[in-house]
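This is what each chain is made of:
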Amino acid sequence: VSIGKAAARISGDYRTSGGVSSVRMALRGEKMPLTELQAALPAIGVTLPPGAVLTEGTLDLDLAIAGPVDRLAIDGPIGVANAKMTGFDLGEKMGAIASLAGIQRVGDTPIETLTGMLHMTPDGIRIDAFNMVTPAIGTLTGDGTISPQGAMNFAMLAKLKEGLIAAPSGGLGQVVAYGQKNGVPFRIQGTTKNPSFVPDVGRALRSAAETLKETVKDPEKLKKAADSIV
């Protein structure tokens, strides 16, 4: 199976017995150029934001495809390496989180690695164990869903690169920065065409509270913790 210069191998069984034909197949591809694949993304319900273009990177996948042909289930790991998305500033899109934790704008978005477990049915896409490393920001982890219409609902954690956080101002910003040990919780909502990154304040406060518990026996750390929420 090929899309431009991106090629993958498919093998398995096709059964025509019964009222609906069914398949049991495997689809495997290694180092497939993302520049060749991006035109096919809308076919699986993923539309890049306006102006965003994948200019570098490769995709690996090892997917199982099973079920009736009108209700296929596709499962398996996917991995992106050495990718770059121009025309999309992840730091800017995370602006609501930046106001809490000091994330800076990064310009075009480089992606060192992106991995996850894909589960796709006619009801939508679910991605578990999502892990993205971007040198300009840090590591983003989580899981979530994409509806057939492209609506996103992901619960995420951002473990920011050392030195990225500016000196926080304001009580809530200091709480979030203090909880950076465990990552900054946020959500990805909106659509794949226009994703929105919003702080998950409830999880942030719970994370900060757990961190405070760890410091209660250390007077010096306890003072710093108390100062962070004044």
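Up top is the structure.
First things first, this report covers the structure right here in the doc. Counting starts from 1 at the beginning of each chain's written sequence and moves along it residue by residue. Under the rules for a predicted model, residues below a pLDDT of 70 receive no local features and side-chain atom pairs below 80 are neither given nor counted, while totals for whole chains, interfaces and linings still include all residues. For the side-chain quantities, the full set of heavy atoms in the structure was used; hydrogens and water were omitted.

## With respect to the packing of aromatic side chains
The pairing test for Phe, Tyr and Trp rings, Trp by its six-membered ring, is centres within 6.5 Å, and the orientation test on the planes gives stacked under 30 degrees, edge-to-face over 60, and tilted for anything in between. Evaluated as defined, the whole model comprises 2 aromatic pairs. Ring geometry for F130 versus F154: centroids 6.4 Å apart, planes at 70°, classification edge-to-face. Here F130, found in strand β8 (residues 124-134), pairs with F154, found in strand β10 (residues 152-160); they are 24 residues apart in sequence, far enough to count as distant. Here F130 and F154 have matching classes, each one buried. On the numbers, 6.1 Å between centres and 25° between planes, the contact of F186 with F197 is stacked. A run of DSSP states H or I qualifies as a helix once it reaches four residues; a run of E qualifies as a strand once it reaches two. Both are numbered from the N-terminal end. Between buried and exposed lies partly exposed: a residue is buried under 20% and exposed over 50% of the maximum accessible area for its type, with that area taken using a 1.4 Å probe on protein chains only.

## Overview of the side chain of T109
Inspection of the secondary structure puts T109 in strand β7 (residues 109-121). Looking at T109, the relative accessible area reads 4%, which means it is buried. Polar contacts, as used here, are pairs of N or O atoms within 3.5 Å; protein pairs need one atom able to donate a hydrogen and one able to accept it. Residues neighboring in sequence count only if both atoms are side-chain atoms. Here the side chain of T109 touches F88 through a polar contact of 2.6 Å, landing on its backbone oxygen. With residues near it in sequence (within four places) discarded, T109 still touches A83, K84, M85, F88, D89, L90 and T134. Between two residues, a contact is recorded if the distance between any of their heavy atoms is within 4.5 Å.

## Side note on a nonpolar patch on the surface
Residues enter patches when their relative accessible area tops 30% and they take part in no salt bridge; the joining distance is 9 Å for like charges and 5 Å for the nonpolar side chains Val, Leu, Ile, Met, Phe, Trp and Tyr. With residues, only the protein chains shown are counted as cover, and all accessible areas are computed by Shrake-Rupley using a 1.4 Å probe. Every case where a carboxyl oxygen of Asp or Glu lies within 4 Å of a side-chain nitrogen of Lys or Arg is listed as a salt bridge. On the surface, a nonpolar cluster with roughly 270 Å² of combined accessible area is contributed by Y14, V20 and V69. Inspection of the secondary structure assignment puts V69 in the loop between β5 (53-68) and β6 (73-86).

## A look at the environment of L114
Its location among the elements puts L114 in strand β7. Taking the C-alpha atoms as reference points, L114 and A83, 31 residues apart in sequence, are found 8.9 Å from one another. Contacts of L114, omitting those with residues within four sequence positions, involve I78, G79, V80, F130, N131 and M132.

## Re the pairing of β6
For two strands to pair, DSSP has to find at least two bridges joining them. Of the strand pairs in this sheet, β5 and β6 are connected by 10 bridges, and their pairing is antiparallel. Residue pairing across strands places L59 opposite V80, the latter belonging to β6. Joining the antiparallel neighbours β5 and β6 is a turn of 4 residues. Note: β6 against β7, 11 bridges, orientation antiparallel. By the bridge assignment, G79 is partnered in β7 with T115.

## Some remarks on the sheet that holds strand β4 (residues 22-33)
The 10 strands lie next to each other as β3-β4-β5-β6-β7-β8-β9-β10-β11-β12, forming an open sheet whose pairing is antiparallel. Both outer strands of the open sheet, β3 (9-15) and β12 (195-199), are each paired with one neighbouring strand and no more. For this sheet the average axis-to-axis angle between neighbouring strands, irrespective of direction, equals 15°. Pairing geometry for strand β11 (residues 184-190) and β12, over 5 bridges, is antiparallel. Opposite Q189, over in β12, you have S196 as the bridge partner. Working convention: axes come from line fits to C-alpha atoms, limited for helices to the stretch in contact. Angles between N-to-C directions cover 0 to 180 degrees.

## Considering the side chain of D89
Note on placement: D89 falls in the loop between β6 and α2 (90-93). For D89, a relative accessible area of 13% translates into the label buried.

## Notes on the pattern of salt bridges
In total, this model carries 5 salt bridges according to the counting rule given. Here R24 and D13 are joined by a salt bridge, their closest N and O atoms 2.6 Å apart. One end of the pair, R24, is in strand β4; the other, D13, is in strand β3, and 11 residues separate them in sequence. Residues D128 and R126 are paired through a salt bridge, measuring 3.0 Å at the closest nitrogen-oxygen approach. Classification of R126 as partly exposed rests on a relative accessible area of 36%.

## A look at the pairing of β7
The pairing of β7 with β8 spans 8 bridges and is classified as antiparallel. In the strand pairing of β8, M117 is matched with D128. Between the end of β7 and the start of β8, which pair antiparallel, lie 2 residues.

The values are spatial; any link to function lies outside them.
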